[in-house]
Amino acid sequence: MTRLAVEDRTRFLIRRDHPWWRVLAVVGILVVWELFARIGWVPVLFLPSPIGVLREGADMIVSGEIAMHVAASLRRLVLGFAVGAALGISVGIAVGFFSIAEAVGTPVIAATFPIPKIALLPLLILWLGIGEASKVAVIALGVFFPMAINTYTGVRQADPLLVRAAVAFGARRWSVIRKVMLPSALPMIFAGLRLGAGTALLLLVAAEMIAVESGIGFLVLHAGNLMQTTKLMVGIVLLSLLGVLSHWSLNRLERVAISWRQDH
Amino acid sequence: MIRSLLALVLLVTFTLPAHAADKVKVGVLKLTSSATLFVGVEKGFFKEFGVEPELVYFQAAAPIATALAAGQVDVGATGLTAALYNIVLGGEKIWVVADKGREWPGYPLTAIVVQNELYDGGLRGVTDLKGKRIGITQLGSTFHYHLGNVLEKHGLTLNDVKIVPLQAMGAAMEALKGKQVDAIMLPQPFPGTAEAQGFGRILAWGGDLFPWQIAAVFYSKKFAAERERAVNFMKGYAKAARYYHDAVLAQKDGGRAPGPNYDEVVAITAKYTGGKPEIIRIGFPYQDRNGRLLTADIAKQIDWWVKHGFMKSALPLSEVVDTRFLETALKALEK
């Protein structure tokens, strides 16, 4: 029996990892950027150099400025996120499970969901004052809707066969919710959390641009007002890091919570 | 196709520079404090010296400084903010060349306005502001500087009050109305409006508490290099400044005495700002009759911003102030 050398014609379909290209892309952009600033084609005032941004960032870490802003932002973010997610999941389960709640909830959510939450900020300030409450509330609102809608969809999509099987084995209403519906909705809930995390970051920056003295949004706006562009860039880098961090920690949390799923 | 493209290129190359050569782009705010520029344009004082200004309107002072550094306007006329000094500190050139408005005793410009209830409750002096929330537009703005210095003059510091940056003047007004802040510091016409609508009371006028060089005329690096035109622009400006001063700023026996052209300047200001004449009549900001700067005050401002952490380091005056354009122009006018 002879082996025939057959050309693998699906080879072009294979998607390989290119770890070096990943690193090169990031480093390349940084080097070109630094070069632009060094040559002086773009004034440093308008596009600060990466090294300048790093140096400024280091100064701000030493002075404690970064810690102060990040702590303030994280507090608002975590609080708003927790309140919004808790409310969203509870409402989502209620609407998904109880028919009266569904009849009441779906039209209300459908009517209020499309409102850009930033537009509500002035109203929230009027109701809750200029302090922390209005900032946390707008983030909570932004997180609430994707959470409620995703949880509702997840609960509705629970396999009826599993539900019937659970009931056949003697499960009561709460057991069915807790042991069948909630776990099967978990992937959707996590998708909602990811959507919410993006929205939360956006609303955080918007909320921190009014009447605050700390936070990354304030740092960006304030540095812009003062034309301290290097500082402004440090703020933008911090926002990017915060986004990456929230994505990463949600991934970790998902792996723990949905340990039976193998696909990631 | 190619021919039409070529024609277009030719058209652009021949029309653009010629166009750019006669018009001087002047960045201003649509406020009473820009009146001198409006007078100069309307009365043709700039044209008299061969300069054709084109007014470009902005919403706030700091963007004018940015536009100057980016070369989008040739001349700026607005408030002196930390942003302006930071631009120069960042390596771009902007020259402060003439006076465009001072906070001055007896001339209402910016006021501290407090909630009606607090005023009735006995809040009557600057020292009573201790512990209060005070709304301004932005940190690093002229209001921030002014308020800080007023407090320091009265033995307080900025840390004794809570500064609330609200970004826009309208937002600060709304915050006082909605009792989100206890006091605000804003320029006319806002203080007058707050009193008229009954939710605010004017505690004091900024110029009476702390006089300073709040606004100036700036030149971009490119415009300053065109020495002859830059001086000619100053000739027109000095003439406008004298006209403005004699019409609306003259004083007699401790009170303001409207000059012969008072109504004309009010009408010109109303035309360019779109404001109501009766509100414009409340007051014009003071400025030097010859447009001369309080140069020493600029140094004081830079020191203050550095001391309070809004500038990284001090800036020598010779890097940011150049009064030679105006002085040359004034000499030429005397002849």
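Residues numbered from 1 in each chain as written. Chains lettered and ligands numbered in written order. Predicted model: local features only at pLDDT ≥ 70, side-chain atom pairs only at ≥ 80, totals over all residues.

Caption draft 1: Just the overall build of chain B, in detail. When helices and strands are counted, chain B shows 15 helices and 12 strands. Taking 20 Å as the expected radius of gyration for a compact globule of 335 residues, we find that chain B reaches 21 Å, a close match to that expectation. Overall, chain B is about 75 × 45 × 45 Å in size when its C-alpha atoms are taken along their principal axes. Among the 335 residues that make up chain B, the fraction classed as buried is 48%. (Helix = DSSP H or I, 4+ residues; strand = E, 2+ residues; numbered from the N terminus. Rg over C-alpha atoms; globule rule 2.2 N^0.38 Å. Buried ≥ 20, exposed ≤ 12 C-beta atoms within 10 Å, placed from the backbone.)

Caption draft 2: Geometry of the overall build of chain A. When its secondary structure is counted, chain A shows 10 helices and zero strands. Beginning at the N terminus, the succession of helices and strands in chain A can be written as α-α-α-α-α-α-α-α-α-α. Scaling as 2.2 N^0.38, a compact globule of 264 residues should have a C-alpha radius of gyration of about 18 Å, whereas chain A reaches 24 Å, well beyond that. The principal-axis extents of the C-alpha atoms in chain A amount to approximately 80 × 75 × 30 Å.

Caption draft 3: Local environment of the interface of chain B and chain A. Contact with chain B, which involves 22 residues of that partner, is made by 16 residues of chain A. For the side of chain B that touches chain A, the secondary-structure elements that each account for two or more residues are α3 (61–69), α4 (82–89) and β7 (162–165) of chain B. Partitioned by chemical class, the residues of the side of chain B that touches chain A number 12 nonpolar, nine polar and one charged. (Contact = placed C-beta atoms within 7 Å. Nonpolar A, V, L, I, M, F, W, Y, C, P; charged D, E, K, R; others polar.)

Caption draft 4: Summary view of the sheet that holds strand β9 (residues 200–205) of chain B. Residues and elements named next belong to chain B. The mixed open sheet is built from five strands, whose spatial order is β7-β6-β8-β5-β9. Looking at the sheet topology across the chains shown, the edges are occupied by β7 and β9. If you compare each strand with its neighbour and ignore which way they point, the axes differ by 30 degrees on average. Strand direction decides the pairing type here: strand β6 (residues 133–136) and strand β8 (residues 183–187), joined by two bridges, are parallel. Directly across from Gly135, in β8, lies its bridge partner Ile184. Sheet strands in contact with helix α7 (residues 169–177) are β5 (110–115), β6, β8 and β9, and its direction is about 145 degrees off that of β8. Packing of helix α8 (residues 190–197) onto the sheet brings it into contact with β5, β8 and β9, and relative to β9 it is tilted by some 145 degrees. (Pairing = 2+ DSSP bridges. Axes fitted to C-alpha atoms, helices over the stretch in contact; angles between N-to-C directions.)

Caption draft 5: Inspection of the domain arrangement of chain B at higher detail. Residues and elements named next belong to chain B. Assigned domains within chain B: domain 1 (2–102 + 212–334) and domain 2 (110–209). Here the C-alpha centre of domain 2 lies 27 Å away from the C-alpha centre of domain 1. Facing the 16 residues of domain 1 at the interface are 10 residues of domain 2. Elements with a minimum of two residues in the side of domain 1 that touches domain 2: α4, β10 (212–220) and α14 (295–307). Of the residues that constitute the side of domain 1 that touches domain 2, the class distribution is 10 nonpolar, six polar and no charged. (Domains from an automatic or database assignment.)

Caption draft 6: How the structure looks around helix α2 (residues 50–63) of chain A. All names here are of chain A. Its 14 residues place the ends of α2 20 Å apart at the C-alpha level, agreeing with the 20 Å of an ideal helix rising 1.5 Å per residue. Looking at α2, one finds that the buried residues are Val53, Glu56 and Met60. The arc that holds the buried residues of α2, viewed along the axis, is 65 degrees, so those residues lie on one side. Exposed side of α2, more than 90 degrees from the buried face: Ala58, Ile61 and Val62 are the residues found there. In the core, the buried residues of α2 are packed alongside α3 (65–97) and α10 (229–257). Once α2 ends, the next one or two residues include Gly64, with phi positive near 85 degrees. (Expected span 1.5 Å × (residues − 1). Arc of directions from axis to C-beta.)

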